Amino acid sequence: VWYWRVLLGIPMILALFQAGLFLGKVAVDPPSFLVLHGKMPEARSLLYRSYGAEEPQDHECNGGREKIEELEVQLLELQMAA
C-alpha cells in the first residue's frame, strides 16, 4: 500500500534536482535569446558548438565553408527576427 509513494517520490526528487541544476548552475540560453539581448558573439559561439563546427578565425580559411555560411545565415535570420 505504501510503495506507490516511492514510485512517485523518486522521479519527483530527480526532477527537482534536474530543475535546480538547469535553473541555477547550467543555465543555457538558446541562440535566439542571446541575439534578442544583443549578445551576438555568445550566440555565434553557441551555434557553432551546437553544430560541431569550429569558429572561423579572421585569418583562417576552413574547408567547411558551406557549413559556416549556413550558420551565419541562420544567425542573420535570428537577428532580423528579433
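Residues numbered from 1 in each chain as written. Predicted model: local features only at pLDDT ≥ 70, side-chain atom pairs only at ≥ 80, totals over all residues. Heavy atoms only, no water.

### A few points about the overall build of the protein
The cut-off we apply is this: Helix and strand assignments follow DSSP, with helices taken as H or I runs no shorter than four residues and strands as E runs no shorter than two, numbered in order from the N terminus. Partly exposed describes any residue whose relative accessible area lies between the buried limit of under 20% and the exposed limit of over 50%, with all areas from a 1.4 Å probe on protein chains only and scaled to the type maximum. Residue contacts are defined here by distance: any two heavy atoms, one from each residue, within 4.5 Å place the two residues in contact.
What the protein contains, in helices and strands, is four helices and zero strands. Helices and strands appear in the protein in the N-to-C order α-α-α-α. Counting every position in the protein, which comprises 82 residues, the buried fraction comes to 16%. Summarising the internal contacts of the protein: among those between residues at least 6 apart in sequence, 38% fall at separations of at least 24.

### Some details on the nonpolar core
Basically, it comes down to this: To qualify as a nonpolar core, a set must consist of buried Ala, Val, Leu, Ile, Met, Phe, Trp, Tyr and Cys residues joined through side-chain atoms within 4.5 Å.
Ranked by size, the top nonpolar core spans eleven residues in total: L34, V35, M40, A43, L46, L47, Y48, A53, I68, L71 and L75. Of all the secondary-structure elements, those providing two or more residues to this core are α2 (31–36), α3 (40–50) and α4 (65–81). Among the elements that line this core, the one with the most residues is α3, at five residues. What M40 contacts, discounting residues up to four positions off in sequence, is V35, L75 and Q79.

### Details of the confidence of the model for the protein
Inclusion rule: Confidence of the predictor at the level of single residues is captured by pLDDT, which takes values from 0 to 100.
Across the protein, pLDDT averages 81, with 87% of residues at or above 70. At the level of individual helices and strands, the protein shows its lowest average pLDDT in α4, which scores 81, and its highest in helix α1 (residues 3–25), which scores 89.

### Comments concerning the packing of α3 against α4
For clarity, the cut-off: Note on definitions: angles span 0 to 180 degrees between N-to-C directions of axes, and those axes are lines fitted to C-alpha atoms, for helices only across the stretch in contact. Any angle from 65 to 115 degrees is called roughly perpendicular, while one under 35 is roughly parallel, one over 145 is roughly antiparallel, and all others are oblique. Two helices that cross are described as forming a left-handed crossing if the nearer one is turned anticlockwise from the farther one by less than a right angle, and a right-handed crossing if clockwise. Throughout, the ten residues Ala, Val, Leu, Ile, Met, Phe, Trp, Tyr, Cys and Pro are labelled nonpolar, Asp, Glu, Lys and Arg are labelled charged, and all others, Gly among them, are labelled polar.
α4 packs onto α3 with a crossing angle of 135° between their chain directions and a minimal axis gap of 11 Å. Overall, the two elements α3 and α4 adopt an arrangement that is oblique. You can see that α3 and α4 cross each other, and the crossing is right-handed. Facing α3, whose interface residues are M40, A43, R44, L47 and Y48, α4 presents I68, L71, E72, Q74, L75 and Q79. Class assignment of the residues belonging to the contact of α3 with α4 gives a composition of seven nonpolar, two polar and two charged.

### Re α1
Cut-off, in case you're wondering: The span you would expect from a helix comes to 1.5 Å times its residue count less one.
Compared with an ideal rise of 1.5 Å per residue, which puts 23 residues at 33 Å, α1 spans 33 Å between its outermost C-alpha atoms and is within 8% of the ideal. The buried fraction of α1 is low, at zero of 23 residues.

### A few points about a nonpolar patch on the surface
Worth spelling out the cut-off: To count toward a patch, a residue needs a relative accessible area above 30% and no salt bridge. Like charges then connect within 9 Å, nonpolar side chains (Val, Leu, Ile, Met, Phe, Trp, Tyr) within 5 Å. Methods summary: accessible areas were calculated by the Shrake-Rupley approach with a probe of 1.4 Å, and residue burial reflects only the protein chains presented. For this analysis, a salt bridge means a side-chain nitrogen from Lys or Arg found within 4 Å of a carboxyl oxygen belonging to Asp or Glu.
Together, W2, Y3, W4, V6, L7, L8, I10, M12, L14 and L16 line one region of the surface with nonpolar side chains, adding up to about 1200 Å² of accessible area. Relative to the helices and strands, W4 resides in helix α1.

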